[in-house]
Each structure stands twice: as C-alpha cells, then as structure tokens.
Amino acid sequence: MDTKTSIEGTAAKLGALPALSGLQPEGLTALAKIVKAERYKKGERISGPDDSHACMYLLVSGRVKMCLTAGDSREVALYHVEAPAHFNEPALVRSPLRTADAVALTDVEVLSLSAEKLGEAIQMEPNLALSIISALSLRLRQTVSRLEDMVFLNATQRVMRIVFNAASTEAESTGNPVIEGMTHYDIATLAGTSRETASRVISSLARQEVISTQGRRIDVDLQTLSGMIQQSQM
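Presented here is an overview of the structure given in this document. Not measured: the values here are computed from a predicted model. (Residues numbered from 1 in each chain as written. Predicted model: local features only at pLDDT ≥ 70, side-chain atom pairs only at ≥ 80, totals over all residues. Heavy atoms only, no water.)

Re the overall build of the protein chain
Then comes step 1: Scanning the protein chain from terminus to terminus reveals eight helices and 11 strands.
Then comes step 2: Relative to the 2.2 N^0.38 estimate, which gives 17 Å for 234 residues, the radius of gyration of the protein chain is 19 Å and therefore close to what a compact globule would have.
Then comes step 3: Over its C-alpha atoms, taken along the principal directions, the protein chain stretches across nearly 55 × 40 × 30 Å.
Then comes step 4: Per-residue burial over the protein chain gives 41% buried out of 234 residues. (Helix = DSSP H or I, 4+ residues; strand = E, 2+ residues; numbered from the N terminus. Rg over C-alpha atoms; globule rule 2.2 N^0.38 Å. Buried < 20%, exposed > 50% of the residue type's maximum accessible area, 1.4 Å probe, protein only.)

Next comes the structure, spelled out in structure tokens:
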C-alpha cells in the first residue's frame, strides 16, 4: 500500500469518529498525517502510567478496558470504551497523578495522537476539544457514581447496576437493550466483586426471566431490572 492510499484510508477512519464528523476532507487528510495507526490483539496492554510518550487514542474498532492494576496482578476495572470513541485523554496532561492502564478486550485498531500534536489537531477541528472535555466530564460522573455504588450498594446490587447500565447504553445507541462480548469476569471487575458472585447474580436474573443469555449475549428487560434495583434499595 502506498503512502497516499494509506493516508486516504486513515482519513476515512477519522471521518467516522463522532468527535471529527464535522471536519472537511482536507482537514481529515491533514490530521491523518499526524496520527499513527496501531493494532492490538485481545488481552494486549495499549497504554499505562509508565509510558514515556503521552498519547490519546482514537478507537476505530474494538473494545478497550480502562483499569488500575497492582503488582500482584489484582485489578480494578474503571470503565469500558467501545468504538468509535477516544480514550486515555488524561495522559495528555503531564502530571504525577497515576493514569489508568488501557487493555484490549477484543482485537483493537486505534489511531494515536501525541500530546505534542494535540494543539495542531484542535486547530484543525475545535470540536475535538469539546469532545475531550465531554468525555472527561462523563468519566468523572461515572467515577463518582461508581464510588457511590461501592459505598452504598452490596455486591448483588452492584452487579445488577452494571448489567442495567451496559444494556441501557446499548439501547440508547442501537435501540436494543443487549450486552454483547462481556464475560462474567468483565462484569465482576466493573462491579468490584468476584466472578463467582457475578455469575450467581446473572444466573438468578436469568431464572427470573429478567435477562436471557446466549453465549456472551445478554438480553435485558430494562424496566423489570430497574424496578428490582429500586426495590432492593428500599
């Protein structure tokens, strides 16, 4: 593949990202020249707090887990990011504060944008700055919500909340309250509990016909599950 074809392909991928949807073709081409295309296999680490080069990643395809890991392999999942989106925005700001690890939950394709090139990219597309601010605000709200759940909800309630939130997000984007590609372990780490507990809760919800499962697909009755969560907190 020649350089021109590669840039055109990258520009097309950039244009599919919501944060860059307003950028004209010439702007997409210019931006394509300053990003770096990368691919990661499922399970590979994409970035972490000890990286020497600060980058934000534009997620073209796949799903990424943002998490905190300890030296003894313990892990706390913070949130998942599904394409098309961007992640690792805090790494653009040099700070002694720890940033999260990004791990590929599926095979992933990203376009990395270095901190040095961020200003240039925002000049091309000011909406990118608004998208970054919006994403950071959303993740702050998610962090506060998660902290509230850890303090005030028990493990069963937290698992139900994760299932409800994941299915609600999918319903908002596709119209279908379905969770696909998430394992019981994924749900457990987001809920801050064990895989055994998550599996027990999911099996109970299936017996009550609040959810139906087929492989890694979970169809969710959002109205019934919402009522159960509210009832459990009374």
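Structure shown, so let's carry the discussion forward.
Focus on the sheet that holds strand E4 (residues 63-69)
Pairing between sheet strands relies on hydrogen bonds along the backbone, with the strands arranged either parallel or antiparallel.
Then comes step 1: With antiparallel pairing, four strands are arranged side by side in an open sheet as E2-E7-E4-E5. At either margin of the open sheet sits one strand with a lone partner, and together these are strand E2 (45-47) and strand E5 (75-82). For this sheet the average axis-to-axis angle between neighbouring strands, irrespective of direction, equals 35 degrees.
Then comes step 2: In this structure, E4 lies alongside E5, joined through seven bridges in antiparallel fashion. Among the inter-strand pairings, Met66 is bridged to a residue of E5, identified as Tyr79.
Then comes step 3: Along the sheet, helix H6 (residues 184-191) makes contact with E4 and E5, crossing E5 at roughly 110 degrees. (Pairing = 2+ DSSP bridges. Axes fitted to C-alpha atoms, helices over the stretch in contact; angles between N-to-C directions. Contact = heavy atoms within 4.5 Å.)

Observations regarding helix H4 (residues 127-152)
Then comes step 1: Between the first and last C-alpha of H4 there are 37 Å, a value that for 26 residues agrees with the 38 Å anticipated at 1.5 Å per step.
Then comes step 2: Where H4 is concerned, the buried positions are Leu128, Ser131, Ile132, Ala135, Arg139, Arg146 and Asp149. (Expected span 1.5 Å × (residues − 1).)

A few points about a nonpolar patch on the surface
Then comes step 1: A cluster of nonpolar side chains, namely Leu147, Met150, Val151 and Phe152, defines an oily patch on the protein surface of about 450 Å² accessible area.
Then comes step 2: As for its placement among the helices and strands, Met150 is situated in helix H4.
Then comes step 3: Given the relative accessible area of 38%, Met150 is considered partly exposed. (Patch = residues over 30% accessible without salt bridge, like charges linked within 9 Å, V, L, I, M, F, W, Y side chains within 5 Å. Areas by Shrake-Rupley, 256 points an atom, 1.4 Å probe, with all protein chains shown as cover. Salt bridge = Lys/Arg side-chain N within 4 Å of Asp/Glu carboxyl O.)

Looking at the packing of helix H3 (residues 115-124) against H4
Then comes step 1: Relative orientation of the contacting elements H3 and H4 amounts to 115 degrees, with a least axis distance of 6 Å. Contacts between H3 and H4 involve Leu118, Ala121 and Ile122 on the former and, on the latter, Leu128, Ala129 and Ile132.
Then comes step 2: In the contact of H3 with H4, the residues fall into six nonpolar, no polar and no charged. (Nonpolar A, V, L, I, M, F, W, Y, C, P; charged D, E, K, R; others polar.)

Quick notes on the packing of helix H5 (residues 155-174) against helix H7 (residues 195-207)
Then comes step 1: For the pair H5 and H7, interaxial distance at closest approach is 9 Å and the crossing angle is 65 degrees. Classified by the angle their axes make, H5 and H7 are roughly perpendicular. Crossing geometry of H5 relative to H7 is assigned as right-handed. In this structure, H5 contributes Ala155, Thr156, Val159 and Met160 to the contact, and H7 contributes Thr197, Ala198, Arg200, Val201 and Leu205. (Parallel < 35°, antiparallel > 145°, perpendicular 65-115°, else oblique. Left-handed = near helix turned anticlockwise from the far one by under 90°.)

Details of the pattern of salt bridges
Side chains bearing opposite charge may pair, as long as their charged atoms lie close to each other.
Then comes step 1: By the definition in use, this model includes 10 salt bridges.
Then comes step 2: Arg39 serves as the salt-bridge partner of Glu109, at 3.5 Å between the closest nitrogen and oxygen. Of this pair, Glu109 sits in strand E8 (residues 108-114) while Arg39 is found in strand E1 (residues 36-40), placing the two residues 70 residues apart along the sequence.
Then comes step 3: Put simply, Glu196 and Arg195 hold a salt bridge, and the shortest N to O gap is 3.6 Å.
Then comes step 4: Taking the relative accessible area as the measure of exposure, Arg195 reaches 43% and is therefore partly exposed.

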